[in-house]
Amino acid sequence: MKLGIVGLPNVGKSTLFNSITKAGAESANYPFCTIEPNVGVVAVPDKRLDLLTELYNSKSTVPAVIEFVDIAGLVKGASKGEGLGNQFLANIRECDAIVHVVRCFEDANVIHVEGSVDPVRDIETINLELIFADLETLEKRISRTAKLANNDKTAKKELETLKRIKAALEEGQMASKVEPEDDDEAKFMDSLFLLTSKPVIFAANVGEDDLADDGASNPYVQKVRAYAAETGSGVFVISARIEEEIAELDDDEKAEYLESLGLTESGLDKLITASYDLLGLMSFLTAGEKETRAWTIKKGTKAPQAAGKIHSDFERGFIRAEVINYQDLLDCGSLAAAREKGLVRSEGKDYVVQDGDTILFRFNV
């Protein structure tokens, strides 16, 4: 999974990126300190992996990972080349979802590019630039497709789809609001890689005092939540500065510090949960002496396709999946003991994998 972290200059975007990846992207109180996109890979915390590793005495533990891309701050006119312009927009196209950091704190020492704090205005500034960029993309695509539409039924249908999306964008809507009429149209729409079609998670960046109640008393956060509810986006509250401090602590110190702040989880944990929920993702597990590993898949994935995440041969030669819930496995103390109790199930090609399933795939090629 690849997430692009975006936002106006000086909203806490690079500070957040630094803290969750410890990648050391430069952070400073002026626009465009992030000239090139910075990339960091973060392991998804999963206590189930640690427990299974201990049970099997596994030689290695491989968690699921998320790749974060910190993308340069955006200003009005980016779609026309203002600021860092199209460089920003091109980098977003490669991401599965957008984490949009929104400033929800007052601080006279931190310059706001628009001169005041207004999260909904900031969100709409970026959305408008994405819409302009997508309109430019669509106009080029429409021009090419129109030349083929007279003699090609597929091109004619694609042209109708393109015009429908363009009309929605011209009304200020995001492409994600355009419902496909069938599976073929859905696939075509996905192939366009439109910026406004990507799922969005808003990171409401607050001061330390607003963390304990999850931003409930912060009017800026309330506005972001209302906007997210209207647009079907995810939202979570975070303090980039606090995350920066947490990133320097070991696990025990981190737990104590979070407790002192009245928190049960870090901002990174919140972000991962929000990302998985928004994108409809989950993890199944494989475990043994050699390796214990988490594999990220879409909810609703069937056993053969889950096996294909490990290796294409597993999917091609799929015979069956031997499945047990990780907690049942831990409670039994071994796979053999679980088998004796009848807790290991043999599942076929139609089995829909569940979050936390520990699976041994049988295949033959």
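What counts, and at which threshold
- Residues numbered from 1 in each chain as written.
- Predicted model: local features only at pLDDT ≥ 70, side-chain atom pairs only at ≥ 80, totals over all residues.
- Heavy atoms only, no water.
- Helix = DSSP H or I, 4+ residues; strand = E, 2+ residues; numbered from the N terminus.
- Buried < 20%, exposed > 50% of the residue type's maximum accessible area, 1.4 Å probe, protein only.
- Contact = heavy atoms within 4.5 Å.
- Pairing = 2+ DSSP bridges.
- Axes fitted to C-alpha atoms, helices over the stretch in contact; angles between N-to-C directions.
- Phe/Tyr/Trp six-rings, centres within 6.5 Å; stacked < 30°, edge-to-face > 60°.
- Lys NZ or Arg CZ within 6 Å of the ring centre and 35° of its normal.
- Lys, Arg positive; Asp, Glu negative; His and termini not counted.
- Salt bridge = Lys/Arg side-chain N within 4 Å of Asp/Glu carboxyl O.
- Polar contact = N/O pair within 3.5 Å; in protein donor to acceptor, adjacent residues only side chain to side chain.
- Arc of directions from axis to C-beta.

Asker: Which residues make up the environment of Gly-348, and what are the values?
Answerer: Topologically, Gly-348 is positioned in the loop between strand E11 (345–347) and strand E12 (357–363). Exposure remark for Gly-348: the relative accessible area of 33% places this residue in the partly exposed category. Apart from residues no more than four positions distant in its own chain, Gly-348 is found in contact with Ala-303 and Phe-318.

Asker: I'd like to hear about the side chain of Ser-266, residue by residue, with values.
Answerer: Mapped onto the elements, Ser-266 comes out in the loop between helix H9 (251–260) and helix H10 (267–279). Accessibility expressed as a relative area gives 7% for Ser-266, which makes it buried. In this structure Ser-266 touches Glu-243 and Leu-258, once residues within four positions along its chain are discounted.

Asker: An account of the sheet that holds strand E6 (residues 200–205) is needed here, citing residue identities and associated values.
Answerer: Pairing is mixed in the open sheet, where six strands are placed in the order E2-E4-E1-E5-E6-E7. Of all the strands in the sheet, just strand E2 (38–43) and strand E7 (234–238) have a single pairing partner and so form its edges. Along the sheet, successive strands turn relative to each other by an average axial angle of 25°, direction set aside. Where E2 meets strand E4 (residues 65–70), six bridges bridge the pair, whose relative direction is antiparallel. Bridge pairing links Gly-40 to Phe-68 in E4. Helix H4 (residues 119–149) rests against strand E5 (97–103) and E6 of the sheet, and its axis sits at about 145° to E5. Contacts from H10 reach strand E1 (2–6), E2, E4, E5, E6 and E7, with the element oriented near 180° to E7.

Asker: Describe unusual backbone geometry, naming the residues involved and giving the relevant values.
Answerer: Even without glycine at this site, Asn-10 takes up a positive phi of about 65°. In this fold, Asn-10 is placed in the loop between E1 and helix H1 (13–21). The residue Asn-57 is not glycine, and still its phi comes out positive at about 55°. In this structure, Asn-57 sits in the loop between helix H2 (47–56) and strand E3 (60–62).

Asker: Help me get a handle on the packing of aromatic side chains, residues and values and all.
Answerer: Here a ring pair, both rings aromatic, is described through the centre-centre distance and the interplanar angle of the planes. This model, assessed by the stated rule, comprises five aromatic pairs. Clustering of aromatic rings is evident, with ring pairs tying together Phe-284, Trp-295, Phe-318 and Phe-361. Directly above the aromatic system of Phe-105 lies the positively charged group of Arg-103, at a separation of 4.5 Å from the ring centroid.

Asker: Describe the side chain of Arg-103, and please don't skip the residues or the numbers.
Answerer: With respect to the helices, strands and loops of the structure, Arg-103 is situated in strand E5. This buried residue, Arg-103, is left without a salt bridge; Glu-106 holds the nearest opposite charge, at 5.3 Å. A distance of 3.0 Å separates a polar atom in the side chain of Arg-103 from the backbone oxygen of Phe-105.

Asker: So what about H2? Which residues, and what values?
Answerer: In an α-helix, one full turn covers 3.6 residues, which means residues spaced three or four apart are oriented alike. Along H2, the residues classified as buried are Arg-48, Leu-49, Leu-52 and Thr-53. Across the axial projection of H2, the buried residues extend over an arc of 130°, all falling on one side. Among the exposed residues of H2, those pointing more than 90 degrees away from its buried face are Lys-47, Asp-50 and Glu-54. Looking at the packing, one finds that the buried side of H2 touches E3, strand E8 (281–286), strand E9 (291–298), helix H13 (326–332) and E12.

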